[in-house]
Amino acid sequence: MICGTRALKNARRIQSAAPNVIPAKEPVEGFASLVPLSTLQRFDLMSEAELAAHPDLLAAHRSLCAADLEKARVSSPLFHGTLYFVRMIWFQEANGAQIAVSVGDINIAIQYSTLAVKSISGYAAQYGPNHVDVSQTIITAGFAVTSGVYNDDAVQGWVNQILHDNKLNPSSSCIVMLNPEGQMVNTDAINGVLGYHGKANCPYIFVNGVSSNWDVADTFTPQIPDHYAIRLSHEIAEMVVDPDASSNPEVCDPCGPNCGRVWRAYFDTPSGSPVPVLIKATQDHPPSFPYTFFINAIVQPAHAGDCPASEAACAYAPPGESTNEPRVVLYDRSAGEGDIYGFDSEGKINLVTTNTGWRTSWDLMAAGRFIGNNQKQIVLYDRSAGQADVVGFDGSGRTNLDNTNSGWRTSWNSMIGGDFIGNGRSQILLYDRPAGQADLVGFDNNGKTNLDVTASGWRGSWDTLVAGNFIGNGRQQALLYDRNGGAGAIIGFDNHGKVNLDPTTEGWRTSWDIIVVGDFVGNGKDQILLYDRSAGQADVVGFDAHGKVNLDTTNSGWRTSWNLITAGKLVGNGRSQIVLYDRAAGHADVVGFNSAGLEVNLDTANDGWLTEWDVMLSGQFLRNGRDQILLYDRAGGQIDIVGFDNSGKLNHDLVNFGVRTTWIDLAAL
Ligand SMILES: [Zn+2]
């Protein structure tokens, strides 16, 4: 059982480079009658030594490789268009017989594909923007054949005829042809070839279907383990990523039958969910659980060249179309909702989507790139249940991942996200105060815990945990502050999540009220700013490569009435500043620092602020390369996006009225 696309691609390429080996007119016996199928399947990967005995093929290989070098890995755009299923009726001139797949089976294939393309498109989004619709109408086409045998040249001719007769747009159509295996023989799809995709005047998919009376689940029977779904989904996915059938990767082969036992992603279609939800990706068929449909798994881009690809690269939920748009997620605990908002370039907020049915018992929330798909997710911790969910979102803001991790302690006090172990994704650090313990927890591609390292013997008196790249090693550490004990510590982790750095500094003030993180001095690392309200002072504290304090500059004469402080790269000079908000006075300042950590008062004239803001969050909400702040007035139901010019003067201030008054937590995505 294999997919024939690679062999066909190689045959067409040899045909283009070496017409002496494969002539322009394909023999009806198929390409494999000219070049062995084993060579066609591997031609693109064969070494010069392997091809040495075939000088013509070796020469073709060399010229094609030279051409390939000029192309990027995904060199042409993905599919944007509609799949048209054709009911082929073959009239056999020899005996007058008519052969066709039943209307009922083609309708099942259409129903199946209508569901499957939502998941396929979500996976293919890793390779680029794409869009797939499925026409609900069967196209009927009749062709006379001299016998029950034809080849890919004939298929291409029929595709072009169908395209023309039905006035379809070649740039947004894909013809899907289901062949009744055993009754009609495509000599380019024999000897275990399940199907392939190609391009005539438009992309097309050819699939050998087995037997009849299909269903959407493609229910397993011992006699016929697979009728159509694995091969149809395989070719749809590969066509979507490579509609030209040219140089883009074959995205199912590494997880599919070509390279080993096929990985199948089984989906459910819960009511109210706009997209199917992955139950599990497994090699088991049939699986031990009920499902609605399954597809051939699609490999992660980094592993498109693996054969076979690992479980981790095949068994994961569809990431969905990514978005560069800034978003925030706001959690309404009482309503059980996670609302996603976006921003236009003026700072007007737009509801992207409402995700309902969330627990009303989440206690802690942290955001980060936890599952390695370059998008942000959140981790939600339910203390009483001892559970944590990793929740991801697609480009439409909809939940496309929600994995529950159970059996957690019911005593975690704090949770922060950070890139602690240097594997290109984020982990969470949990702190159990009474136990004096912390866990560093990481997640796999599906949001399942795959790392959980407990650190014991910690003080039971840390009050504040923040993450930052304090020591300049390219990953993040945790900074802990013990207010009563007057101590601070930088905690670093090795690649396995074990603490490998733990210098505690005694003699800290016991009166720091607010700690924020940023690169205030512009040395490419993070420092902390500590604000002592009663003293009206703020220290900028930096650390050396060993986590020891090597900078501690006190700034005095500050107001003793700042309520909120947030750090961000607000003025576009490459370093971080802070915004300070005095609620009672309705006043805000923007303060920057010089290389020594001394304040450079950027602007103190931000008077006239409302006295109602409860939350201040920084993020790149306006997509102009710098950070802004988001202000949320819970009681009044308003959100303000405030931006600053190069000198720290407020140059952007858009209030959005009438938002919910019940969000209790929020995070930038
Ligand atoms: Zn394939």
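In this text, all values refer to a predicted model and were calculated from it rather than measured experimentally.

A. View of the overall build of the protein chain. Secondary structure summary: the protein chain contains 8 helices and 42 strands in total. If you line up the protein chain on its principal axes, its C-alpha atoms span 100 × 55 × 45 Å. Counting the 669 residues in the protein chain, one finds 44% classified as buried. The contacts of the protein chain with a sequence gap of at least 6 include a subset with a gap of at least 24, amounting to 56%.

B. Representation of the packing of helix α5 (residues 103-124) against helix α7 (residues 229-241) within the structure. Here α5 crosses α7 at 45°, and the two axes come no closer than 10 Å. Compared by their axis directions, α5 and α7 come out oblique. Note on packing geometry: the crossing formed by α5 with α7 is right-handed. Touching Ala-109, Tyr-112, Ser-113, Ala-116, Val-117, Ile-120, Ser-121, Tyr-123 and Ala-124 of α5 are Ala-229, Leu-232, Ser-233, Ile-236, Ala-237, Val-240 and Val-241, all from α7. Each residue belonging to the contact of α5 with α7 can be placed in one class, and the counts come to 13 nonpolar, 3 polar and no charged.

C. Up close: unusual backbone geometry. Each neighbour pair has its own omega, and for His-285 with Pro-286 the value is 0°, a cis peptide bond. Here Pro-286 is to be found in the loop between β12 (277-282) and β13 (293-296). With an omega dihedral of 0°, the bond running from Cys-307 to Pro-308 counts as a cis peptide bond. Its identity as a non-glycine residue notwithstanding, Ser-211 has a phi of 60°, on the positive side. You can call Ser-211 partly exposed: it has 15 C-beta atoms within 10 Å.

D. Up close: the sheet that holds strand β19 (residues 387-393). The strand order across the open sheet formed by 4 strands is β17-β18-β19-β20, and the pairing between neighbours is antiparallel. In this open sheet, the two edge strands, each paired with only one partner strand, are β17 (364-368) and β20 (399-405). Strand-to-strand twist in this sheet, taken as the mean axis angle between neighbours without regard to direction, amounts to 20°. With 5 bridges connecting them, β17 and strand β18 (residues 377-382) associate as antiparallel partners. Bridge pairing in β18 places Met-365 opposite Leu-380.

E. Up close: the pairing of strand β14 (residues 327-332). Of all 6 residues in β14, 5 are buried, a share of seventy percent or more. Where β14 and strand β15 (residues 337-343) come together, 6 bridges link them in antiparallel fashion. Within β15, the position partnered with Val-328 by the bridge is Tyr-341. Where β14 hands over to β15, the hairpin turn is made up of 4 residues, of which Gly-336 adopts a positive phi near 65°.

How each quantity is defined
- Residues numbered from 1 in each chain as written.
- Predicted model: local features only at pLDDT ≥ 70, side-chain atom pairs only at ≥ 80, totals over all residues.
- Helix = DSSP H or I, 4+ residues; strand = E, 2+ residues; numbered from the N terminus.
- Buried ≥ 20, exposed ≤ 12 C-beta atoms within 10 Å, placed from the backbone.
- Contact = placed C-beta atoms within 7 Å.
- Axes fitted to C-alpha atoms, helices over the stretch in contact; angles between N-to-C directions.
- Parallel < 35°, antiparallel > 145°, perpendicular 65-115°, else oblique.
- Left-handed = near helix turned anticlockwise from the far one by under 90°.
- Nonpolar A, V, L, I, M, F, W, Y, C, P; charged D, E, K, R; others polar.
- Pairing = 2+ DSSP bridges.

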